[in-house]
Amino acid sequence: MTNKAVARQLALTADLIELTGGNPFRARAYASGARTVERLEAPVATLAASGELSGVKGIGKGLVADIEELLASGTLASTDALLQSLPPGLPEVMRVKGLGVKKVRTLWQDAGVTSLDQLEGAAVSGRLAELPGFGAKTVQNLLDAIEHLKAYRGKAHLRDAVGPALAVRQRLRAAGLRADLAGAVRRQCNVVDALDLLAVGTPAQIAEALGGGRAEADRVEGAIPLGLPLTVFAATAQTYGRVLWERTGPREHVDAFTEAHGAPTDVAEEQEVYTAAGLHPIPAPLRDDPHWLTVAREPLPTLVRTGDLRGTIHNHTTASDGAHTLREMCDAARERGLTYFGVCDHSRSLQIAHGLSLDEMEEQIARVDALNAAYADEGVDFRVFAGSEVDILSDGAMDYPDDLLARLDLVVASVHTGFSMTEDEATARVVAAVSNPYVDVLGHPTGRLLLRREGYPLDHEAVLDACAEHGVAVELNAHPFRLDLDWRFVRAATERGVPVSINPDAHATDGLDDTRWGVASAQKGGLTAADSLTSRSADDLGAWLTARRPG
Ligand SMILES: [Zn+2]
Ligand SMILES: [Zn+2]
């Protein structure tokens, strides 16, 4: 568990105590404990293991026990109990942006609001404006935030849906049924709103294999804890290929195919749907882009795979807001079969993420040099690139002076602040950044967090034109909430010769594994290993970076 995750749990506990009218001193102890943990230099797990945690100012005996419980089990039993004691709709009200815990308590205790719908009703009816602290502007902001939350209901990140979907498939296969994923999960959509699978069997057999669900004429319906509907479609051995193709979708692909080639006949294997029409089989992730159906008479690209990636760039360490040291992160990358690591901690103006001052950047460069020397001494073939994730300031300038940037191996430029921009403003800001001769990679181009916040609007074509002009690569940030560059613009990048860099943006060693979500999204965009920046060897990447340096 990272320091951030522990801090989040402690802060939640503080909120829940306050919300339920508990002891305010206890609430305050948790809140300040959360801030302390967030600011710790070393991983909280390391301190707990060595017994040093009890010596940290602001962390009393009770908190030490709670943190140990969190580290061991991932949750706090007392917090879970508080959550269970709330009206079921109240946690969703707590997620409304702009509502502090005090306001939620007022809404609940004084206005009887215990769900998002009730909150919306109270806001619309004007009843809310009668409560202290709910002026007209606050109410309007609340209505916007509610609309936002509602739009995301019933949807999940691909990361959270894949596990349950594979578990269902496993159960079907364990019962001896041929079964596969279908629908949006199989197409590797970033966000999914349903789990669809397919199995050979009658609905009754499928329901028995699942141990539940409603058997309908051609399917079994159920739900998973995530709140998503689950459907397992029934097929026979003879129809399996056709039904898998239909249920994988999307509807637009099925319709466009049928219009151009006629409805497919029953086939046992899905690829025969395409080969019977004289086409190369279109991999499921590509089917959301109508382009591929129009070019499938020719062989389709071989999509990049996780195993093609030789290294990783854009990762954080304890120097800024990461949970592990440079050495720990690099060793974790080596364990994953990678041959290089780009350290890109935050730059000086991003203080909430402990951005590095100029002096701290000097230390970072020295740390990288020392680690490279240590690996060489140990006979380990592994290279560390000294980099930075440099903030793009509001005017598009870089957060570090050129003379420092010139000494780095690698510069990723990202926007982290000032998101309320028009498309013109955002585009100009990002274009200015990638026009800086020291910038190598544009980080998470829109700043979006899927199912959390929209990114700023961006003219992707103009930005990718500028990347092409200046030889800059574009990141496909692999964090399952980001997946930014959006897969819909991967072709726009590669058609311009702009390499796409699948970056885990890891803030802890296990964050390196997020690469798989970036690869899934890159595949969806049709990316090949040849156009993937980190599929290059350390020498090739090093040569590319050196060649880009001015002077
Ligand atoms: Zn970033
Ligand atoms: Zn980052």
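The structure we're discussing is the one just above.
Peer 1: Looking at this structure, I do not really get the packing of aromatic side chains. What am I missing?
Peer 2: Each aromatic ring pair is described using two quantities: the centre-to-centre distance and the angle formed by the ring planes. Scanning the model with the defined rule gives five aromatic pairs in all. Centre to centre, the rings of Phe-257 and Tyr-274 are 5.7 Å apart; their planes meet at 85 degrees, and the pair counts as edge-to-face. Note that Phe-257 is positioned in helix α14 (residues 251-261) and Tyr-274 in helix α15 (residues 271-275), a separation of 17 residues in sequence. You can call Phe-257 buried: its relative accessible area is 2%. Ring centres 5.4 Å apart and planes at 80 degrees place the aromatic pair Phe-419 and Tyr-456 in the edge-to-face group. Pair noted here: Phe-419 is in the loop between β11 (410-414) and α20 (423-434) and Tyr-456 is in the loop between β12 (441-442) and α21 (460-470), with a separation of 37 residues, a long-range link. Since its relative accessible area comes to 22%, Phe-419 is described here as partly exposed. Judged by relative accessible area, Tyr-456 falls into the buried class, the value being 3%. Following the ring pairs from residue to residue traces out a cluster consisting of Trp-245, Phe-257 and Tyr-274. Here the guanidinium or amino end of Arg-491 rests over the ring plane of Trp-292, the centre of that ring lying 5.8 Å away. If you follow Arg-548 out to its NZ or CZ, it ends over the ring of Trp-544, 5.3 Å from the centre.

Peer 1: Could you clarify how one ought to interpret the coordination of the zinc ion (ligand 2) in this entry?
Peer 2: Each donor-metal-donor angle would ideally measure 109.5 degrees in four-coordinate tetrahedral geometry, or 90 or 180 degrees in six-coordinate octahedral geometry. At this site the zinc ion (ligand 2) is bound by His-314 (NE2), His-316 (NE2), Glu-389 (OE) and Asp-505 (OD), with donor distances of 2.1 to 2.2 Å. Expressed as a motif, the donor residue spacing for the zinc ion (ligand 2) is H-x1-H-x72-E-x115-D. Separating the zinc ion (ligand 2) from the zinc ion (ligand 1) is a gap of 3.4 Å, bridged by Glu-389, which donates to each. On the criterion of sequence distance, the pair formed by Glu-389 in strand β10 (residues 383-391) and Asp-505 in the loop between β14 (500-503) and α23 (515-524) is long-range, its members being 116 residues apart. Like Asp-505, Glu-389 is buried.

Peer 1: What is the right way to read helix α24 (residues 538-548) from this model?
Peer 2: Given 3.6 residues per helical turn, the α-helix brings residues three or four places apart onto the same face. Here α24 has its buried residues at Ala-538, Leu-541, Gly-542, Trp-544, Leu-545 and Arg-548. The buried residues of α24 occupy an angular sector of 160 degrees when projected down its axis, which confines them to one face. Facing away from the buried surface of α24 by more than 90 degrees, the exposed residues are Asp-539, Thr-546 and Ala-547. Contacts made by the buried residues of α24 are with β8 (312-315), β9 (340-346), β10, β11, α21 and β13 (473-477).

Peer 1: What's the story with the coordination of the zinc ion (ligand 1) in this structure? I'm lost.
Peer 2: Looking at the zinc ion (ligand 1), the protein donor atoms are Glu-389 (OE), His-416 (NE2) and His-444 (NE2), and they sit 2.1 to 2.2 Å from it. Motif for the zinc ion (ligand 1), donor spacing along one chain: E-x26-H-x27-H.

Peer 1: Help me understand the sheet that holds strand β6 (residues 219-223), please; the structure alone is not making it clear to me.
Peer 2: Whether parallel or antiparallel, the strands of a sheet pair through hydrogen bonds between backbone atoms. Strand order in the open sheet formed by five strands is β2-β4-β7-β6-β5, and the pairing between neighbours is mixed. Whereas interior strands pair on both sides, the edge strands pair on one side only; in this sheet they are β2 (179-181) and β5 (214-215). Direction of pairing for β6 relative to strand β7 (residues 229-235): antiparallel, over a ladder of five bridges. Residue pairing for β7: Glu-221 is matched across the bridge by Thr-231.

The rules behind the values
Residues numbered from 1 in each chain as written. Chains lettered and ligands numbered in written order. Predicted model: local features only at pLDDT ≥ 70, side-chain atom pairs only at ≥ 80, totals over all residues. Heavy atoms only, no water. Phe/Tyr/Trp six-rings, centres within 6.5 Å; stacked < 30°, edge-to-face > 60°. Helix = DSSP H or I, 4+ residues; strand = E, 2+ residues; numbered from the N terminus. Buried < 20%, exposed > 50% of the residue type's maximum accessible area, 1.4 Å probe, protein only. Lys NZ or Arg CZ within 6 Å of the ring centre and 35° of its normal. Donors = N, O, S within 2.8 Å, 3.2 Å for Na, K, Ca; no water. Arc of directions from axis to C-beta. Contact = heavy atoms within 4.5 Å. Pairing = 2+ DSSP bridges.

Keep in mind these numbers describe shape, not what the thing actually does.
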